[in-house]
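Letter by letter, the chains look like this.
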Amino acid sequence: MLLLNFSHALSQEQIAQLEAIAGQPIQRAIDAMPQFNEQQPFEPQLAALLDQIELTPEQWQTEPILIILPALNFIAGALLANLHGRMGYFPHVVRTRPVAGSIPRRYEVAEILDLQALRAAARRARTANH
C-alpha cells in the first residue's frame, strides 16, 4: 500500500495503527507537504506539488493508495478533485484525532474513510428521494 501524506509526518506508532486498520503494510510513504502562497492561484501550485510525486498513470489507477489530506480546506478540496481525475475514483483518506487527555497533544489514527463508497451512498440516497 502507498501512503501519500500531505500533512504532518507520522510517528511509527501512527503508522502501526494505520497498518492495523488497513489490514496491510505500508510499502511506500511519500511526504508531499504543501507550502502554498495564499496570494497566488492554487491550481498551478497544486500541479507542481503533484508533479513531484513520481507515479505513472497506471500506478495512479491501480496502486492501493491512502491519502492524508492537508489541513487547509481549500487545498484539500482542490487536491481531491485532482486525485479523482488521476485515479478515476475518490481515494481512501486517513482521519486522525487527538488522543484524549494527552499532554502534550498527540494524534492517533481514527479511521480510514472510503470516499468513493461515501459518494456511492449519497448517489443512492439522492435517487431514492426522487
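These numbers were taken from a predicted model, which means no experiment stands behind them.

Attention now goes to the pattern of salt bridges. As enumerated under the stated definition, the model contains three salt bridges in all. Here Arg 86 and Asp 51 are joined by a salt bridge, their closest N and O atoms 3.9 Å apart. One end of the pair, Arg 86, is in helix H4 (residues 73-87); the other, Asp 51, is in helix H2 (residues 42-51), and 35 residues separate them in sequence. Overall, the relative accessible area of 24% leaves Arg 86 in the partly exposed class. Here Arg 95 makes a salt bridge to Glu 111, at a shortest N to O gap of 2.7 Å. Of the two residues, Arg 95 is situated in strand E4 (residues 92-98) and Glu 111 in strand E5 (residues 107-114); the sequence distance between them amounts to 16 residues.

Neighbouring strands of a sheet are bound in pairs by backbone hydrogen bonds; such pairs are parallel or else antiparallel. Strand order in the open sheet made by the five strands is E2-E1-E3-E4-E5, with mixed pairing throughout. Every interior strand has two partners, whereas the edge strands, strand E2 (28-31) and E5, have only one. Adjacent strand axes in the sheet meet at a mean angle of 25° when their direction is disregarded. As paired elements, strand E1 (residues 2-5) and strand E3 (residues 65-68) share four bridges and run parallel to each other. Bridging across to E3, Asn 5 finds its partner in Ile 68.

Here is what the cut-offs are and how they apply
Residues numbered from 1 in each chain as written. Predicted model: local features only at pLDDT ≥ 70, side-chain atom pairs only at ≥ 80, totals over all residues. Heavy atoms only, no water. Salt bridge = Lys/Arg side-chain N within 4 Å of Asp/Glu carboxyl O. Helix = DSSP H or I, 4+ residues; strand = E, 2+ residues; numbered from the N terminus. Buried < 20%, exposed > 50% of the residue type's maximum accessible area, 1.4 Å probe, protein only. Pairing = 2+ DSSP bridges. Axes fitted to C-alpha atoms, helices over the stretch in contact; angles between N-to-C directions.

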